[in-house]
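Tertiary structure, described
So the chains spell out like this:
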Amino acid sequence: MAHRDVCCPPRKRARISAPFVFWGHESEQERRSPIDVLPDECLFEIFRRLPAQERSTCACVSKHWLTLLSSIRSVEVCTNDGVDNEEVDGTRSRSLEGKKATDLRLAAIAVGTAGRGGLGKLSIRGSNSSSGVTNFGLSAIARGCPALKSLSLWNVSSVGDEGLSEIANGCHTLERLDLCQCPSITNKGLIAIAEHCPNLTTLSIESCPNLGNDSMQAIAQGCPKLESISIKDCPLVGDQGIASLLSSSFSVLSKVKLQNLSISDFSLAVIGHYGKSIRSLTLSGLQNVSEKGFWVMGNAQGLKTLVSLTVDSCFGVTDLSLEAIGKGCCSLKHISLRKCSLISDSGLLTFSKPAELLESLHLEDCNKVTLSGIVSALSNCSSKFRSLSLVKCMGLKDIMPFQATPESACISLRSLSIKNCPSFGSAGLSILGKMCPNLRQVDLSGLYGITDDGVVSLLKSCPGGLVKLDLSLCINLSDESILTLARLHGETVKVLNLNGCRRITDASLLAIANSCPLLNDLDISNCPITDSGIAALSCSEELNLQILSISGCSRISNKSLPFLIHLGKNLLFCFVSKLEKSFWVALEQLNVMMGMVLRVMDIGNGRAQFAIDNLLWLFFSSQCPSVCRLFLVT
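The structure contained in this document is the topic of the report that follows. (Residues numbered from 1 in each chain as written. Predicted model: local features only at pLDDT ≥ 70, side-chain atom pairs only at ≥ 80, totals over all residues. Heavy atoms only, no water.)

Further remarks concern the overall build of the protein. Helices and strands together make up the secondary structure of the protein, namely 24 helices and 21 strands. Taken over 634 residues, the protein has a buried fraction of 51%. Residue pairs in contact within the protein that sit at least 24 positions apart in sequence constitute 81% of those at least 6 positions apart. Summed over all atoms, the accessible surface of the protein reaches about 29,600 Å², with 53% contributed by carbon and sulfur. (Helix = DSSP H or I, 4+ residues; strand = E, 2+ residues; numbered from the N terminus. Buried < 20%, exposed > 50% of the residue type's maximum accessible area, 1.4 Å probe, protein only. Contact = heavy atoms within 4.5 Å. Areas by Shrake-Rupley, 256 points an atom, 1.4 Å probe, with all protein chains shown as cover.)

Pasting the structure below:
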């Protein structure tokens, strides 16, 4: 039988319209969309070929897609021609706090910022909740944000070495790293940063119990551009770690803060010898550092460029060590000493003589320093000295004028602040006023011992004119001081604080209204001011107040409301609370006339709070801007 070639036309397979169902899987099959049938590998390849804007849109579809998109590294993204042309310069900044700090949000940020310039700054302040940020969220940022330059992690106990290592591997341009209360991060994570982030310039670690000397050594070797280091409450960081940071041959550290560390005199000796580029130095709570450590630091002659020094709660600071610092730090301009109980008048004098560039001195809780020491220091200070601040110095006691006769005047001093020194009185204030005739700013808050005699003497000793005067809680002052201020300094004063001066009356406000045209900030809270005083301020044609505080003025009633509204033509803020109830009732009636733009709530016991209707705010502010500004803050 002969063979024949038979040609049959192709036949299309008949389409089956009935569903293809397996027993027990019908509902699941119906629920799944065709795209969900694709394996994750296929979705990954699709997603990485999409433009940034479309990837952001896809991330909104489901958590599963968001997770896949966040797993794509920036180097894996490609366009149709195989090259990623998206510009990433790290212009975006994001901050997550509390319950909002989750891995899901970080993944969304990583995907969403890719097409908008890239993420440059990220701050996470967690809450230690079970749904907080973990290594997974930080890994998403590392993969999607290669231009990240600043990272701050606060109270994120679930982030450890794995997450920080991912950041190190993916964000090579990192410049600033801030770690606070991160107990899961150890030396391993910070060593990874040191190895892969050579551009790091600022490092701050606080309350990280598992970071120690090894990581400090790695940072010293791997981050040659490091300019600022702050270490606080890290028990494993000791002398070896500090020495590694400071003694490196290419160290350019200019700002150093060491707080509550278990370091000894050796670390301060290293700082004194190798801190040639340090301009700002803060030492706090160094309980193991003795007088010898500070003395060596000053005499080592290595801190020639030091400009600012802050020492807090260090018992090693004595008169001897302070003298060494004054002689060895020839460029020192600003010094702040807090809770240095061993410093006396002798140390202050020997320090001030060689400090030729000193501009400001702050002493707080230095109880051995007396008025005689301050007078001697002012008499010997440099011509550049501008600011003196004394806070809670219990040794500052009022003395007779002949007990502290100034050798010479300190004509360079512009700012004098003496706060909460209960034994300091009018005689001492009069002496300082005569020594410092060119004062512009004076803060005497909390000085219960001063009277009108001291303040009037000070005001008469400053012919140049005061600009700022703070007399808050000076309970023994009366209208005499304010009348003298208005007469002698009315043309120059801009800021005046009389909070808690219980003897200041309407007469002072009348003098202010008539003689202080430049005054823009007035605080008369908790003063026995009445409606007449507010009326006097309102009637002034020259007064240009922008900030007024009348909180706690219980004698102000609803009669002052028209005057306050008139003042509101220039006011930016008016602080009002604890006023007479009739004032709030009148204000509520005014709100009814205004359409309840400002709603008065919780009327009772002279207290009130305001809520602003946002829908009517824009319209009403254009019609009555003075009232809106007046009650914006309460």
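This part covers the packing of aromatic side chains. Tallied over the entire structure, the rule returns zero aromatic pairs. Here the guanidinium or amino end of Arg125 rests over the ring plane of Trp154, the centre of that ring lying 4.1 Å away. (Phe/Tyr/Trp six-rings, centres within 6.5 Å; stacked < 30°, edge-to-face > 60°. Lys NZ or Arg CZ within 6 Å of the ring centre and 35° of its normal.)

So, on to unusual backbone geometry. Glycine aside, negative phi is the norm for most residues, and most peptide bonds take the trans geometry. The backbone of Lys392 shows a phi angle near 55°, a positive value even though the residue is not glycine. Its place among the elements puts Lys392 in the loop between strand S12 (387-391) and strand S13 (415-419). For Leu473, which is not glycine, the phi torsion reads 65° and is therefore positive. Tracing the backbone through its elements, the reader meets Leu473 in the loop between strand S15 (468-470) and helix H18 (479-489). Owing to a relative accessible area of 42%, Leu473 belongs among the partly exposed residues under this scheme.

Bringing helix H13 (residues 319-328) into the picture now. Within H13, seven of the ten residues are buried, which leaves it mostly tucked inside the rest of the structure. When we look at burial in H13, the residues that qualify are Asp319, Ser321, Leu322, Ala324, Ile325, Gly326 and Gly328.

Moving on, we get to the packing of helix H12 (residues 291-299) against H13. As a packed pair, H12 and H13 sit with axes 7 Å apart at the nearest point and diverge in direction by 15°. As summarised for this structure, H12 and H13 are arranged roughly parallel, according to the angle between their axes. You can see that H12 and H13 cross each other, and the crossing is left-handed. In this structure, H12 contributes Glu291, Phe294, Trp295, Met297, Gly298 and Asn299 to the contact, and H13 contributes Leu320, Ser321, Ala324, Ile325 and Gly328. (Axes fitted to C-alpha atoms, helices over the stretch in contact; angles between N-to-C directions. Parallel < 35°, antiparallel > 145°, perpendicular 65-115°, else oblique. Left-handed = near helix turned anticlockwise from the far one by under 90°.)

Counting buried residues in strand S4 (residues 176-180) gives four out of five residues, a clear majority hidden from the surface. Taken together, the five bridges between strand S3 (residues 150-154) and S4 define a ladder with parallel strand orientation. Paired with Trp154 across the strands is Cys180, a residue of S4. You can see the chain leave S3, run along helix H7 (residues 161-170) and come back into S4, and the turn it takes is right-handed. Bridge analysis of S4 against strand S5 (residues 202-206) gives five bridges, and the strand direction is parallel. Looking at the pairing, Arg176 lines up with Thr202 of S5. The handedness of the S4 to S5 crossover, carried by helix H8 (residues 187-196), is right-handed. (Pairing = 2+ DSSP bridges. Right-handed = clockwise from strand over helix to strand, strands pointing away.)

Note that Leu477 resides in the loop between S15 and H18. Taking the C-alpha atoms as reference, Leu477 lies 5.3 Å from Thr451; in sequence the two are 26 residues apart. Leu477 has contacts with Ile450, Thr451, Asp452, Val455, Leu471, Arg503 and Ile504, leaving out every residue within four places of it along the chain.

Moving on to the side chain of Asp531. In this fold, Asp531 is placed in helix H20 (residues 531-539). Comment: no salt bridge for buried Asp531; closest opposite-charge side chain is Lys559, at 5.5 Å. In this structure the side chain of Asp531 is engaged in a polar contact, spanning 2.5 Å, whose partner is the side chain of Ser557. Asp531 has contacts with Arg555, Ile556, Ser557, Lys559, Ser560 and Phe563, leaving out every residue within four places of it along the chain. (Lys, Arg positive; Asp, Glu negative; His and termini not counted. Salt bridge = Lys/Arg side-chain N within 4 Å of Asp/Glu carboxyl O. Polar contact = N/O pair within 3.5 Å; in protein donor to acceptor, adjacent residues only side chain to side chain.)

This paragraph deals with the packing of helix H10 (residues 239-247) against helix H11 (residues 265-274). Geometrically, a packed helix pair is captured by the angle between its two axes and the distance between the axes. Close contact between H10 and H11 brings their axes to 9 Å; oriented N to C, the two are set at 5°. As summarised for this structure, H10 and H11 are arranged roughly parallel, according to the angle between their axes. Judged by residue contacts, Asp239, Ile242, Ala243, Leu246 and Ser247 of H10 engage Phe266, Ser267, Val270, Ile271 and Tyr274 from H11.

This structure, assessed with the given rule, holds four salt bridges. Lys232 serves as the salt-bridge partner of Glu206, at 3.9 Å between the closest nitrogen and oxygen. With Glu206 in strand S5 and Lys232 in strand S6 (residues 228-232), this residue pair connects regions lying 26 residues apart in the sequence. The class for Lys232 is partly exposed, based on a relative accessible area of 23%. Here Glu364 ties to Arg338 by a salt bridge, and the two come within 3.4 Å at their closest N and O atoms. Taken together, the residues span a long stretch of sequence, with Glu364 in strand S11 (residues 360-364) and Arg338 in strand S10 (residues 334-338) at a distance of 26 residues. Connected through salt bridges with shared partners, the residues Asp312, Arg338 and Glu364 form a single ionic network.

Moving on: the pairing of S13. Taking burial as the measure, the five residues of S13 include four buried ones, the bulk of the element. With five bridges joining them, S12 and S13 adopt parallel strand pairing. Across the sheet, the residue bridging to Ser389 is Ser417, located in S13.

With respect to the element layout, Ser457 can be found in helix H17 (residues 452-460). Ignoring anything within four residues of it in the chain, the contact list for Ser457 reads Ser430 and Lys434.

With that out of the way, let us pick up the state of the cysteines. Under the counting rule described, the total for this entry stands at zero disulfides. Unpaired in terms of disulfides, Cys410 finds its nearest cysteine sulfur in Cys381, a separation of 3.4 Å. There is no disulfide at Cys474, and the cysteine sulfur nearest it, in Cys501, is 5.6 Å away. (Disulfide = S-S within 2.5 Å.)

Another aspect to go through is a nonpolar patch on the surface. On the surface, Leu572, Phe573 and Phe575 cluster together to form a nonpolar patch covering roughly 230 Å² of accessible area. Its location among the elements puts Phe573 in strand S19 (residues 573-575). A relative accessible area of 32% places Phe573 in the partly exposed class. (Patch = residues over 30% accessible without salt bridge, like charges linked within 9 Å, V, L, I, M, F, W, Y side chains within 5 Å.)

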